[in-house]
Amino acid sequence: MQRVQGSGVIALVAGFMAVACSGSGEAPVAPPQAVSRTCDRAGIDCPAITVTGDPPSATPTWQGYADPSVLRDPLDPSRYHLAYTHLEGRLATSANGQPVGVPHTSTHLARSTDGGRTWSFEAVLWDAPLAPDPEGLGPASYLGSETPSVVAEAQGPSVRWYGARLAYFLEPVSAYRPRYASSWTIRVSAATGGSPAALATAPEAALGTRTTSAAYGSAVDLTALSPSLAGCGFWNNPTLALDAGRLFLLAECMEFDGQQVSDVRSRLVVFSTTPSGPPGSWSWRYDGVLADRSTAVELGAARVVSANVSRTEGGRWMLLLSLHSGSGVVNQGCTGVELAGLAPPALARRDGQPVVIARVTNQSTPNWYTGACGHAAGSATGIIAASAVDSAGLQSDLRATRLLP
């Protein structure tokens, strides 16, 4: 979970050049002016999304919703599904026997039957009760689940749902402290049913790195798929896309300079598989780099994070990226750029620059940030972004920008 996730200024930019006939030749027509809207922290123009039946937790320093993944139901165009990270403090016992409040993350699911205008809680997709440490290194604690991505395809009268999320073991301390090296995995799943809730009990496969412990059932070491991935310490913020029978997984390769994330070498890469049979049997391949440091600089940031793939109202592929600079929670909103394709991975470009479709920027307010955007064509929410206040722990909500790229 990129822990900021929005209100800000949105600008929609056309991603293609119109062509008009003039005499015997064709002359390009300049794209239309960008459309913008100013959103402030109060949420007047970009209101917070309320999920009926799922109020924020009572933990004042760790509460709210983050990491939106929104999609239109393949069989009902008025129905939308929203998977999101739910923040809640949960009690455990530390190694010295003291009670501690563990900042826990789980994945919840909401449904809209009116085109995204209102949302109601449907299910807890992925949660974990207090359980023994899988590696046997300390007291019992929780397995976190965050940064969900759900995609779907119609298969006759039914729907096949695919899910990806981050999962990890949380140390039993009063601080957000996942066990990154050994427990941090991407878990992928597939299920057939009437809603993404079918994924809650579906078989999963764990994707990790060479340092992932067997205690978490890592089926695939993604760093082994290419020598160029050898420096990836762990994978972050997964997102899925379906195209021409292949399931694509976008993930951030996190490289480090000592204990600091390297803005220069960390990058967004693409894997893919033919999702036939149970997820544990899928054969993954590495397709290449989609966005890196140079992409971030082109978009005005140090690093791009929290990818999301969707179709625009006109049917173009759009890649939403959060813009990150500095250390900690310092996101600068998100930018939607046009995708040329995923196999091989490439951004669409005009005059050498990425084709920008949408921008969400955050207002300059201390300790308040935006980022981690999600989108599905046709939803009344428009791009969904998350905003976060981190002055005392973390308080996050989801915002409906109501602008449709």
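For the structure, see preceding data.
Residues numbered from 1 in each chain as written. Predicted model: local features only at pLDDT ≥ 70, side-chain atom pairs only at ≥ 80, totals over all residues. Heavy atoms only, no water.

Chemist: Would you mind going over the packing of aromatic side chains with me for this structure?
Modeler: By convention here, two paired aromatic rings are described through the distance between centres and the angle between planes. Per the counting criterion, the structure on display carries twelve aromatic pairs. Here a set of aromatic residues connected by ring pairs shows up, and it is made of Trp-62, Tyr-168, Tyr-176, Tyr-180, Trp-184, Phe-234 and Phe-256. (Phe/Tyr/Trp six-rings, centres within 6.5 Å; stacked < 30°, edge-to-face > 60°.)

Chemist: Explanation requested: the sheet that holds strand 12 (residues 185-193) in the structure shown.
Modeler: Whether parallel or antiparallel, the strands of a sheet pair through hydrogen bonds between backbone atoms. On the basis of which strands lie adjacent, the open sheet formed by five strands has the order 10-11-12-13-14 and mixed pairing. With one partner strand each, in any of the chains shown, strand 10 (142-155) and strand 14 (218-221) form the two edges of the open sheet. Across this sheet, the average inter-strand angle for adjacent strands is 25°, counted without regard to direction. In this sheet, strand 14 lies alongside strand 13 (residues 204-208) in parallel orientation, the contact comprising three bridges. Its bridge partner lying in strand 14, Gly-208 is registered against Asp-221. (Pairing = 2+ DSSP bridges. Helix = DSSP H or I, 4+ residues; strand = E, 2+ residues; numbered from the N terminus. Axes fitted to C-alpha atoms, helices over the stretch in contact; angles between N-to-C directions.)

Chemist: Can you walk me through the side chain of Ser-325 in this structure?
Modeler: Mapped onto the elements, Ser-325 comes out in the loop between strand 22 (317-324) and strand 23 (331-342). In terms of polar contacts, Ser-325 uses its side chain to reach the backbone amide nitrogen of Ala-302, at 3.2 Å. (Polar contact = N/O pair within 3.5 Å; in protein donor to acceptor, adjacent residues only side chain to side chain.)

Chemist: I tried to follow the sheet that holds strand 15 (residues 234-243) on my own but got confused; where do I start?
Modeler: In spatial order, the strands read 15-16-19-20; together these four strands make up an open sheet with antiparallel pairing. Whereas interior strands pair on both sides, the edge strands pair on one side only; in this sheet they are strand 15 and strand 20 (285-291). Within the sheet, the average angular offset between the axes of one strand and its neighbour, ignoring direction, is 25°.

Chemist: Quick question: what am I supposed to make of the pattern of salt bridges here?
Modeler: Any two side chains of opposite charge can pair, so long as their charged atoms come close to each other. Per the counting criterion, the structure on display carries 17 salt bridges. Put simply, Asp-257 and Arg-265 hold a salt bridge, and the shortest N to O gap is 2.8 Å. Three or more residues are tied together by salt bridges with common partners; here these are Asp-133, Glu-135, Glu-171 and Arg-179. (Salt bridge = Lys/Arg side-chain N within 4 Å of Asp/Glu carboxyl O.)

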